[in-house]
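# Working through the structure, step by step
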Amino acid sequence: MVTVGDQPVQLAAEWVLTTTRSVRKGLDTTREVPRELIEDCLRVAMQAPLRSNALYPHFVVVTDPAKRTALAGFYKRAWDAYLSTPGSITSFHFEDPIHEAQMPRVIDSAAYLAEHLAEVPALVIPCITPRVDGLPLWAQAGFWGSVLPASWSFMLAARARGLASAWTTLHLAFEEEVAAVLGINHAGVMQAAMIPVAYSLRENFKPAYREPIQKFTHWDSW
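Here we summarise the structure given alongside this text. Because the structure is a prediction, the values reported are computed rather than measured. (Residues numbered from 1 in each chain as written. Predicted model: local features only at pLDDT ≥ 70, side-chain atom pairs only at ≥ 80, totals over all residues. Heavy atoms only, no water.)

## Observations concerning the overall build of the chain
- Scanning the chain from N- to C-terminus turns up six helices and eight strands.
- Listed by position from the N terminus, the elements making up the chain come as β-β-α-β-α-β-α-α-β-α-β-α-β-β.
- Against the compact-globule benchmark of 17 Å for 222 residues, the chain has a radius of gyration of 18 Å, which places it among compact chains.
- If you line up the chain on its principal axes, its C-alpha atoms span 50 × 45 × 40 Å.
- Here the chain holds 222 residues, and 40% of them are scored as buried.
- Only carbon and sulfur atoms are counted for the fraction: they give 59% of the accessible area of the chain, which is about 12,700 Å². (Helix = DSSP H or I, 4+ residues; strand = E, 2+ residues; numbered from the N terminus. Rg over C-alpha atoms; globule rule 2.2 N^0.38 Å. Buried < 20%, exposed > 50% of the residue type's maximum accessible area, 1.4 Å probe, protein only. Areas by Shrake-Rupley, 256 points an atom, 1.4 Å probe, with all protein chains shown as cover.)

## Observations concerning the packing of aromatic side chains
- All told, the structure shown has three aromatic pairs when counted by the stated rule.
- When the ring of W79 is compared with that of Y82, the centres are 5.8 Å apart and the planes differ by 45 degrees; the resulting orientation is tilted. Here W79 and its partner Y82 are both found in helix α3 (residues 65-83), three residues apart, which amounts to about one turn of the helix.
- On the accessibility criterion, W79 (6% relative accessible area) is buried.
- The positively charged end of R31 is found above the aromatic ring belonging to Y199, 3.6 Å away from the centroid.
- Residue placement shows R51 over the ring face of F143; its charged tip is 4.5 Å from the ring centre. (Phe/Tyr/Trp six-rings, centres within 6.5 Å; stacked < 30°, edge-to-face > 60°. Lys NZ or Arg CZ within 6 Å of the ring centre and 35° of its normal.)

## Observations concerning the pattern of salt bridges
- One pass over the full model with this rule turns up eight salt bridges.
- Notably, a salt bridge pairs E39 with R35, separated by 3.2 Å at the nearest N-O pair. In this pair, E39 and R35 are both assigned in helix α2 (residues 35-45), four residues apart and thus about one turn of the helix distant.
- Among the ionic pairs, R131 bridges to D133, the shortest N-O distance being 2.6 Å.
- Taken together, the shared-partner salt bridges in this structure form one network comprising K76, D80 and E115. (Salt bridge = Lys/Arg side-chain N within 4 Å of Asp/Glu carboxyl O.)

## Details of the nonpolar core
- If you look at the biggest cluster of nonpolar residues, it comprises 30 residues, and the most contacted ones within it are L71 and L117.
- Every element with two or more residues in this core is listed here: α3, α4 (97-116), β5 (122-128) and α6 (175-182).
- Sorting elements by how many residues they give to this core places α3 first, with six residues.
- Setting aside chain neighbours within four positions, we find L71 in contact with V62, L123, I125, V178, V181, L182 and M194.
- Within the second largest apolar cluster, 19 residues are counted, among which are I38, L42, F154 and L163. (Core = buried A, V, L, I, M, F, W, Y, C linked by side-chain atoms within 4.5 Å. Contact = heavy atoms within 4.5 Å.)

## What about the environment of A78?
- As for its position among the elements, A78 is in helix α3.
- In sequence terms A78 and H171 are 93 residues apart; their C-alpha atoms lie 6.3 Å from each other.
- Here A78 is in contact with L170, A173 and F174, once residues within four sequence places are set aside.

## Comments concerning the environment of G162
- Take G162: it is sitting in the loop between α5 (137-160) and β6 (163-165).
- Separated by 40 residues in sequence, G162 and R202 place their C-alpha atoms 9.2 Å apart.
- Once you skip the residues sitting within four places of it in the chain, G162 turns out to touch Y199 and S200.

Coordinates in, geometry out; function isn't part of it.
So, in structure tokens, the structure goes:
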């Protein structure tokens, strides 16, 4: 069996896969993340599956304080508007008592990130080109199927290197304005997410509670 250090590869992989959390309050905003470390994570991300082995995602890494502040302003505006929508996180409720009990902490951490996003040392924006607006669903799925696996691989690679991250999308309410700040050709490039990245303030990550897979697994029919 192949090993990493003294651990079987399967166990090492499962450790990263099951302990990569969306981290918001636990992002260390006092430490700069070296460019080389982010590039290492991106090299791993580029090993993810690509549509037709051809459609490379792009990543815009934002470390400039003024640009981070601008992006954080759009994010906060989107967060404030999102809270009043019927489908916001505050409207989610679950029959499972453990899941239900988690939600106040999740809401609190999401609100914290909206207030402190500008302080996070690196914001990574994965992008798709060309844009998928108006394409049939099967074509859109192919494009998303390149950028999303690569983005998740980036987050896993970050976790393995002592970094923490979170998947966010609210800034897309102001995608065109963000594109202007970052010099992205909005007509040809679609942003997929914004991933805050920082060193983690904690090390004791563990698998999160999840409801039983039987509830969400369907064999041969729904």
